[in-house]
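# Fold and geometry: a report
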Amino acid sequence: MSTLPELRRRAADLLPGLAAGAGERELARELPREQIRAVAATGLLTFRVPAAYGGAGAGVADVFGFLIDLAAADSNVAQALRPGFGRVEHLLTASSAERERWFPRFLAGDVFGNAGWEVGGASGEVRTRIDRDGVVNGSKYYSTGALYADWISASAVNDSGERIFFTLPRDRDGLELLDDFDGIGQRLTASGTTLLNGVKVLPEEVAERAGNGARSPVSAFMQLYLAAVLAGIARNALTDAVGFTRARARPIQHSSATRSVDDPYVRHAVGEISARAYAAESAVLRAAAAIDRAWAGDLEPGLLTEAAVEAAQAQFVAAESALKAAELLFDVGGGSAVSRRHNLDRHWRNARTVANHNPRAWKAAVVGAYHLTGAQPPLNGLF
C-alpha cells in the first residue's frame, strides 16, 4: 500500500530524469515507452485509488499537483496517461465489482489507453458497431496513450443504437494500433488510429454505465486534466526561458545591459512568463479543490455544477496563459532562439495542440451564460 507522502517522494525522484530527455525525445520523435512504464511501475497512477483497495486515497487537488509537475517534466507523457487517470475516476463512481476487477491492475503497474473518438462524422458520433455476439468492427482516432498501454478502452453502438463501453487487452485478435498521429504538437502521445476488425468483446469486458443523464465528476476531472497539461507546459516554458537567457542569449546591440539577465525587457518577458505559469497553475488547483468539495458533498448536483464551471474557467485561463508564455519565450533571445536545435517552439506547438481539444471560446460562453442567466453547463464530457 502506498501513502500520499510516499507517492510524492517517488515523484520527486522520478521526474527530474524524465524531464532531462524530454526535449531531445520530441526532436527525434522517440516515443517515451520507458518513461511511461516507469511512471506506472512506481505507482504514480494510484493517487486516487482508495486506501481500502491499496492506493493512497488522495484528493483531487493532490493528484492535480502531481499532474502539473508531470506535464512540466514532459507534457507528452502526462497527456498519454490521461486515459489511465480518467479510468480511476470512472471506477470511483462504479460498482464494487468493477473496482475489485480493475484497481488491482493499476496497483500492478498496468497502463490504460483510449480509443474513443472517430473522424469523418459529427463530433462525438460513434459509427463503430458491436453485434449481438459481441464482435466489433470499426476504426477510431485520437487513441491517446494506446501504443503504450496494456488495456484499451473503446466504445461501439449495438443494434439498438445504444453505446457500449468496453476494455480489451491490447493483444486481442483483430485489434491493431497504428502510429500515425500527425499533430503539430504533443507528437509523442501516440494518439493515432485504432482498428477493430472482428474483435471479440467478452461480457465481463463491458463496462457498467449508469446512463441516467446526471452530471458526473469525471467530466470536470477530465477537462481539468487538459488544463493541468497546459499549466505544465507554461512552467516548462519558464524553465527554458531562464535557461536560455542565462546560457545563450545576448543583449541587443543598443541595450543598456551587457548581459541578457540584466536587460530590463528580457527581465519583463521572463517575469510575464512566470506570472502566466503561476496563473495557470493556481486556476487548476482552485478548480481541483471545487471537485474535491463535490466529492465531500456526496456529489450534490449544485456542487457538481460549480465544479464544472470552475474547470471550464481554469481551462480557459490555462490555455491563454500557456499559449502566451510559449510565445513570450522567444522574446528572451534573438535570432538564435528560433534555431531548430533548441526546439523552443515545442512549447507553443504542444500548448496549441492541447488547447484545440475543446475550443476555449465555448468554455467562456458557457461560463458567461451560467453567470448571466443561470443556464447549466451542457451535460456532456466537455463539461
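So, here is what we can say about the structure in this document. (Residues numbered from 1 in each chain as written. Predicted model: local features only at pLDDT ≥ 70, side-chain atom pairs only at ≥ 80, totals over all residues. Heavy atoms only, no water.)

What follows covers the overall build of the protein chain. Looking only at helices and strands, the protein chain features twelve helices and seven strands. Taken against the 2.2 N^0.38 rule, which gives 21 Å for 383 residues, the C-alpha radius of gyration of the protein chain at 21 Å falls within 12% of a compact globule. The C-alpha extent of the protein chain, read off along each of the three principal axes, is 75 × 45 × 45 Å. Per-residue burial for the protein chain yields a buried fraction of 52% across its 383 residues. (Helix = DSSP H or I, 4+ residues; strand = E, 2+ residues; numbered from the N terminus. Rg over C-alpha atoms; globule rule 2.2 N^0.38 Å. Buried < 20%, exposed > 50% of the residue type's maximum accessible area, 1.4 Å probe, protein only.)

Generally speaking, nonpolar side chains in soluble globular proteins are found buried as a group. If you look at the biggest cluster of nonpolar residues, it comprises 104 residues, and the most contacted ones within it are F64, L70, L81 and L224. For this core, the element with the most residues is helix 8 (residues 217-247), which contributes 17 residues. Counting residues in each nonpolar core, the second largest holds five residues, with V309, A312, V366 and V367 among its members. (Core = buried A, V, L, I, M, F, W, Y, C linked by side-chain atoms within 4.5 Å.)

Turning our attention to the environment of S155. Residue placement: S155 occurs in strand 4 (residues 151-157). Taking C-alpha positions, S155 is 47 Å from V332, a pair spaced 177 residues apart along the chain. Beyond its immediate stretch of four places on either side in the chain, S155 contacts A115, G116, V126, T128, K140, R163, I164, F165 and F166. Among the polar contacts listed, one links the side chain of S155 to the side chain of R163, at a separation of 3.2 Å. (Contact = heavy atoms within 4.5 Å. Polar contact = N/O pair within 3.5 Å; in protein donor to acceptor, adjacent residues only side chain to side chain.)

Counting across every chain of the model gives 21 salt bridges. Across the pair E89 and R48 runs a salt bridge whose closest N-O atoms are separated by 2.8 Å. Note that E89 is positioned in helix 6 (residues 82-92) and R48 in the loop between helix 3 (33-41) and helix 4 (60-73), a separation of 41 residues in sequence. One exposure class covers both E89 and R48, and it is buried. Between R105 and D110 there is a salt bridge, with its nearest N and O atoms 2.9 Å apart. Given a relative accessible area of 30%, R105 falls into the partly exposed group. (Salt bridge = Lys/Arg side-chain N within 4 Å of Asp/Glu carboxyl O.)

Attention shifts here to helix 11 (residues 346-355). For helix 11, a buried count of eight out of ten residues is recorded, marking the element as mostly surrounded by other parts of the structure. For helix 11, every residue scored as buried is listed here: R346, H347, R349, N350, A351, T353, V354 and A355. Tucked inside the fold, the buried residues of helix 11 contact helix 2 (22-28), helix 5 (75-80), helix 8 and helix 10 (301-328).

What follows is about the packing of helix 6 against helix 8. Packed helix pairs are characterised by how far apart their axes lie and by the angle those axes make with each other. Look at helix 6 against helix 8: their axes get within 10 Å of each other, and the N-to-C directions meet at 160°. It follows that helix 6 is roughly antiparallel to helix 8 by the angle criterion. At the point where helix 6 passes helix 8, the crossing takes the right-handed sense. Counting all contacts with helix 6, which are made through R82, F85, G86, E89 and H90, the residues of helix 8 involved are V218, F221, M222, Q223, Y225 and L226. Grouping the amino acids of the contact of helix 6 with helix 8 by side-chain chemistry returns six nonpolar, three polar and two charged. (Axes fitted to C-alpha atoms, helices over the stretch in contact; angles between N-to-C directions. Parallel < 35°, antiparallel > 145°, perpendicular 65-115°, else oblique. Left-handed = near helix turned anticlockwise from the far one by under 90°. Nonpolar A, V, L, I, M, F, W, Y, C, P; charged D, E, K, R; others polar.)

A few words on unusual backbone geometry. Of note, Y142 is a non-glycine position whose phi angle comes to about 55°, a positive value. You can see Y142 is positioned in the loop between strand 3 (135-140) and strand 4. Among the residues examined, Y142 registers a relative accessible area of 40% and is labelled partly exposed. In this structure, N343 takes a positive phi of about 60° despite not being glycine. By the element assignment, N343 lies in the loop between helix 10 and helix 11.

Pairing analysis gives six bridges linking strand 3 to strand 7 (residues 194-200), with the strands arranged antiparallel. Of the residues in strand 7, the one forming a bridge with K140 is T194. One ladder, built from three bridges, connects strand 6 (residues 175-177) with strand 7; its direction is antiparallel. Bridging from a neighbouring strand, L175 pairs with L196 of strand 7. (Pairing = 2+ DSSP bridges.)

Counting across every chain of the model gives eleven aromatic pairs. Look at F64 and F221: their rings are 4.9 Å apart centre to centre, the planes differ by 55°, and that puts the pair in the tilted class. Separated by 157 residues along the polypeptide, F64 in helix 4 and F221 in helix 8 bring together distant segments of the chain. Taken as a pair, F64 and F221 share a single burial class, namely buried. Between F106 and F112 the ring centres are 4.4 Å apart and the planes differ by 10°, which places this aromatic pair in the stacked class. The pair F106 / F112 is uniform in exposure class, with both members buried. Members of the aromatic cluster, joined through ring pairs, are F47, F64, F66, F85, F221 and Y225. Cation over ring: K363 sits above F383, and NZ or CZ is 4.3 Å from the ring centre. (Phe/Tyr/Trp six-rings, centres within 6.5 Å; stacked < 30°, edge-to-face > 60°. Lys NZ or Arg CZ within 6 Å of the ring centre and 35° of its normal.)

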